Structure formats: C-alpha cells, structure tokens
Amino acid sequence: MIIKYINKQEKQINLKSLDTENFSSISQIYSFTTENISGYFKCIDFENKNILTVAGSGDHIINAIYCGAKKVVGFDINYLALIFTELKLVALENLEYEEFLNYFLINEKSDINKNRNALNYEIYVNKLEKDLSHKAKECMELLYKDFDNDGYALRNSNIFNNKYDNNSLKINSNLYLKSEFEFKKAKEKIKDKEIILINSSYQNIRLKELSNSNTYDIILMSNISDYIKNIYNVKTNYLEKYIVDIIYNFKKSNTKIVCAYLYNIGQDNYRSEVDNPLLRKKIFNNLNITYTEESFTSVIKNCVDSIIII
Ligand SMILES: C[S@@+](CC[C@H](N)C(=O)[O-])C[C@H]1O[C@@H](n2cnc3c(N)ncnc32)[C@H](O)[C@@H]1O
C-alpha cells in the first residue's frame, strides 16, 4: 500500500488550537464511522470503481476497498482525521484482527477496565510507527507525548469525538470488522492499493487538479449535509447551495454522489433542511436533479437510516 498526500500541512500541529465545536483544520477525530456503513454499502456497487470519499475515521476508505473499489481518494478538512486515517490503514496492514480491535476500540473488547490496550504505545512503536509517513509520525508522537504515552488516556480524551462510541456499534457498522475472515479480506485487498489523502474542504477540491481527474464513479459525502447550515452561514436555503456546490465540483455524467446520510428518518424535528423530505424534493425538482433514496436499518435499535443518491 502507498499513501500520498495532497495539501499536506507543513507547519507543526498545535494541539492547543484543537477546535471541539466545528469541523476545521485541527478538530476532533472520529475513531470509527458513525454511520451504518454495513447497511448502505450493500446498496452500492463498488467493484472496480474509483471512489472519492470523506476520510473521517478511515472507515469509508477501508470498507470501499473491502467492497472491491479500484482506487480510493479520501478528503477531509481536518488534518488530524487524515493522520488518523493513515494510522488505521497502516494498522490494517500490520495488526491482526483482535489486536486491531483492542488498539482502536475505546475499551478492551472483553472487559472495560481490565486491559487498557486502547492506542497502546508499545503496539504503536513496535508495529505501526515504521510504516507511517514522516508527518504522521511527528503528529502521533506529539499526541502520545501530550498524554505521557498513555494511549488509553489519549483515546478517551477530547482529541476524539467519543459520542456514541460503543464497541459493538462500531463493529456492527463496519463490514471489514464483522469477523476475522472479513478483516483478512480487507487486509489482502489493501496490499496493492495507492490511497490519496487530500486535506481540503469539499468546496475547495478541484477534481481537474488531481492527477486521476474526471474518473470518479462514486462520491461519498458522509453526513456533511447535517452541518451545511453552519458551513454556508445562513438560516435557510443552504441545502440548495450545498447541492449546487457538489454538482459543480464533482458531478460527471456517470458519477453517483451519495450526498447525504440521514440518521433515524421518520422524525418530525429536522436537524437540517436535508431531513425534510418535502423540502428536499422541492429543491431537487427546482434544480432539475433526479435522486434516489435507500433506507436500511440503523445500528441504533429500532431506527431506520437512509442515504440520498444523486
Ligand atoms: C461529517 S463527519 C461525521 C462522522 C461521519 N458520519 C462518519 O461516519 O465518519 C466526518 C468527517 O467530515 C469532515 N468534514 C466536515 N465538514 C467538512 C467539509 N466541509 N469538507 C471536508 N471535510 C469535512 C470532518 O472533519 C470529519 O472528519
């Protein structure tokens, strides 16, 4: 596996500038996806496809490769998310299934207090560090140093967004974590891959500036649509602005864009304009954009989530 960066931060990271309120260049890391990737990746054909995806925790990238993607490019506004993604990809190559779970899950799989293995520093030094890029090493050292090399304290700190961070939820959300067999399948598939990581907001990515331009078959925007009110800094009509931006930046005739992930559909209190089915229908119709919706069971009990595809 080869990992390449575009727009790598040259300055040393200052953890004091960690933004815990917004998504910015140094903000909290998601350790694992918050979506039911196991539920919705089945609705999409990844086989031999080129993918552009939010990097986040790295899980979209790994699951896409597990599902047969040819090329994967990850983007994220948060530089720490890209460093963590690199760490996870390197860990997939170097750790066995149980070791990987124990290293990344917030608590030891079997017992919360007995074995404090999360982000264990010895595992980092002995098995992961050697394959990290210079920048990732520098950043991970800084993070560990801030917590006296206590990985458990780091993993449970506000460097991570630990809301809803629950071992079984995280395992169930990811196809590659379902069993040792699935993990090995992902490990095998990632071996010969080149993964590109872009430190950028989605608005500033210019596909034509990337070497493998105009070849994306699938674009995964995660649930960025939940935050567009703040991104566009307006009270209304932000969904339209978002859709216009992503169409302008990304849409080619055959590109499928998963433009929104909606949690727990069927509620009446809409967090974002995208949650309102009548409003989104109106906006898509006005823009003359056809879209489909796929619903699936959430990893949260008795809930249904869905994705919007354009
Ligand atoms: C939307 S968040 C939420 C977690 C997500 N549902 C998952 O399953 O990983 C995922 C990632 O999107 C990134 N992000 C948020 N706004 C962004 C933007 N405008 N451009 C690029 N990345 C963004 C965040 O930094 C974060 O790492």
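The structure we're discussing is the one just above.
All values derive from a computational prediction rather than experimental measurement.

Counting its secondary structure elements, the protein chain contains 12 helices and 8 strands. The C-alpha atoms of the protein chain give a radius of gyration of 19 Å, which matches the 19 Å a tight globule of 310 residues would have. Among the 310 residues that make up the protein chain, the fraction classed as buried is 55%. For the protein chain, the proportion of contacts with a sequence separation of at least 24, taken over those separated by at least 6, is 70%. Element-wise, carbon and sulfur atoms account for 46% of the exposed surface of the protein chain, whose accessible area totals about 14500 Å². Here the protein chain contributes 40 positive and 40 negative side-chain charges, whose respective centroids are spaced 4 Å apart.

So, on to helix H2 (residues 59–66). With 8 of 8 residues buried, H2 lies mostly within the body of the structure. Where H2 terminates, the next one or two residues include Gly68, which has phi positive at roughly 105 degrees.

In the region of the ligand, 23 residues are neighbours, and Thr33, Thr34, Glu35, Asp76 and Asn223 sit closest. With respect to the ligand, the side chain of Thr33 contributes an N or O atom lying 2.6 Å from an oxygen atom. The contact in question runs from a nitrogen atom of the ligand to an N or O atom on the side chain of Asn223, over 2.8 Å. Of the residues contributing to the shell around the ligand, the split by class is 11 nonpolar, 10 polar and 2 charged.

Following the sequence through the fold, Ser24 ends up in the loop between strand E1 (2–6) and helix H1 (37–40). Ignoring any residue separated from it by four or fewer positions in sequence, one finds Ser24 in contact with Asp19, Ile77 and Asn78.

By the definition in use, this model includes 12 salt bridges. The salt bridge involving Glu194 is made with Lys4; its shortest N-O contact spans 3.1 Å. One end of the pair, Glu194, is in strand E4 (residues 194–199); the other, Lys4, is in strand E1, and 190 residues separate them in sequence. Given the relative accessible area of 42%, Lys4 is considered partly exposed. Salt-bridge contacts for Asp226 lead to Arg271; the nearest nitrogen and oxygen are separated by 2.6 Å. Remark: Arg271 occurs in the loop between strand E6 (256–262) and helix H12 (277–286) and Asp226 occurs in the loop between strand E5 (218–220) and helix H10 (228–232); sequence separation between them is 45 residues. Given the relative accessible area of 12%, Asp226 is considered buried.

One open sheet accounts for 8 strands, arranged E1-E4-E3-E2-E5-E6-E8-E7; its pairing is mixed. In this open sheet, the two edge strands, each paired with only one partner strand, are E1 and strand E7 (292–297). Strand after strand, the sheet turns through a mean of 20 degrees between neighbouring axes, direction not considered.

When you tally the buried positions in helix H4 (residues 97–104), you get 6 out of 8 residues, the bulk of the element. Taken together, the buried positions of H4 are occupied by Tyr97, Phe100, Leu101, Asn102, Tyr103 and Phe104. Where H4 is buried, its residues contact helix H3 (79–94), helix H5 (121–128), helix H6 (134–146), helix H7 (151–155), helix H8 (167–173) and helix H9 (180–190).

Checked against the element boundaries, Ile309 lands in strand E8 (residues 304–309). In contact with Ile309, not counting residues within four places along its chain, are Lys256, Ile257, Val258, Thr290, Tyr291, Thr292 and Glu294.

Looking at where Ile26 falls in the secondary structure, it is placed in the loop between E1 and H1. Since its relative accessible area comes to 6%, Ile26 is described here as buried. Expressed as a C-alpha distance, the spacing of Ile26 and Leu287, which sit 261 residues apart in the sequence, is 34 Å. Setting aside residues up to four positions removed in sequence, Ile26 forms contacts with Gln9, Ile13, Asn14, Ser17, Leu18, Asp19, Asn78, Tyr79 and Leu80.

The next thing to look at is the packing of aromatic side chains. Overall, the coordinates contain 22 aromatic pairs when judged by the stated rule. An aromatic cluster is built from Phe84, Tyr97, Phe100, Tyr103, Phe104, Phe160, Tyr176 and Phe183, whose rings are joined through pairwise contacts. If you follow Lys88 out to its NZ or CZ, it ends over the ring of Phe104, 5.8 Å from the centre. Cation over ring: Arg155 sits above Phe160, and NZ or CZ is 5.3 Å from the ring centre.

This part is about the pairing of E4. Sheet faces and side chains relate simply in a regular strand, where the side chains alternate between the two faces. For E4, the buried fraction is high: 5 of the 6 residues fall into the buried class. Inspection of the sheet shows E1 paired to E4 by 5 bridges, in the parallel sense. Counterpart to Ile3 in the pairing with E4 is Ile195. With 5 bridges connecting them, strand E3 (residues 71–76) and E4 associate as parallel partners.

Conventions we followed
Residues numbered from 1 in each chain as written. Predicted model: local features only at pLDDT ≥ 70, side-chain atom pairs only at ≥ 80, totals over all residues. Heavy atoms only, no water. Helix = DSSP H or I, 4+ residues; strand = E, 2+ residues; numbered from the N terminus. Rg over C-alpha atoms; globule rule 2.2 N^0.38 Å. Buried < 20%, exposed > 50% of the residue type's maximum accessible area, 1.4 Å probe, protein only. Contact = heavy atoms within 4.5 Å. Areas by Shrake-Rupley, 256 points an atom, 1.4 Å probe, with all protein chains shown as cover. Lys, Arg positive; Asp, Glu negative; His and termini not counted. Charge placed at Lys NZ, Arg CZ, Asp CG, Glu CD. Near = heavy atom within 4 Å. Polar contact = N/O pair within 3.5 Å; in protein donor to acceptor, adjacent residues only side chain to side chain. Nonpolar A, V, L, I, M, F, W, Y, C, P; charged D, E, K, R; others polar. Salt bridge = Lys/Arg side-chain N within 4 Å of Asp/Glu carboxyl O. Pairing = 2+ DSSP bridges. Axes fitted to C-alpha atoms, helices over the stretch in contact; angles between N-to-C directions. Phe/Tyr/Trp six-rings, centres within 6.5 Å; stacked < 30°, edge-to-face > 60°. Lys NZ or Arg CZ within 6 Å of the ring centre and 35° of its normal.

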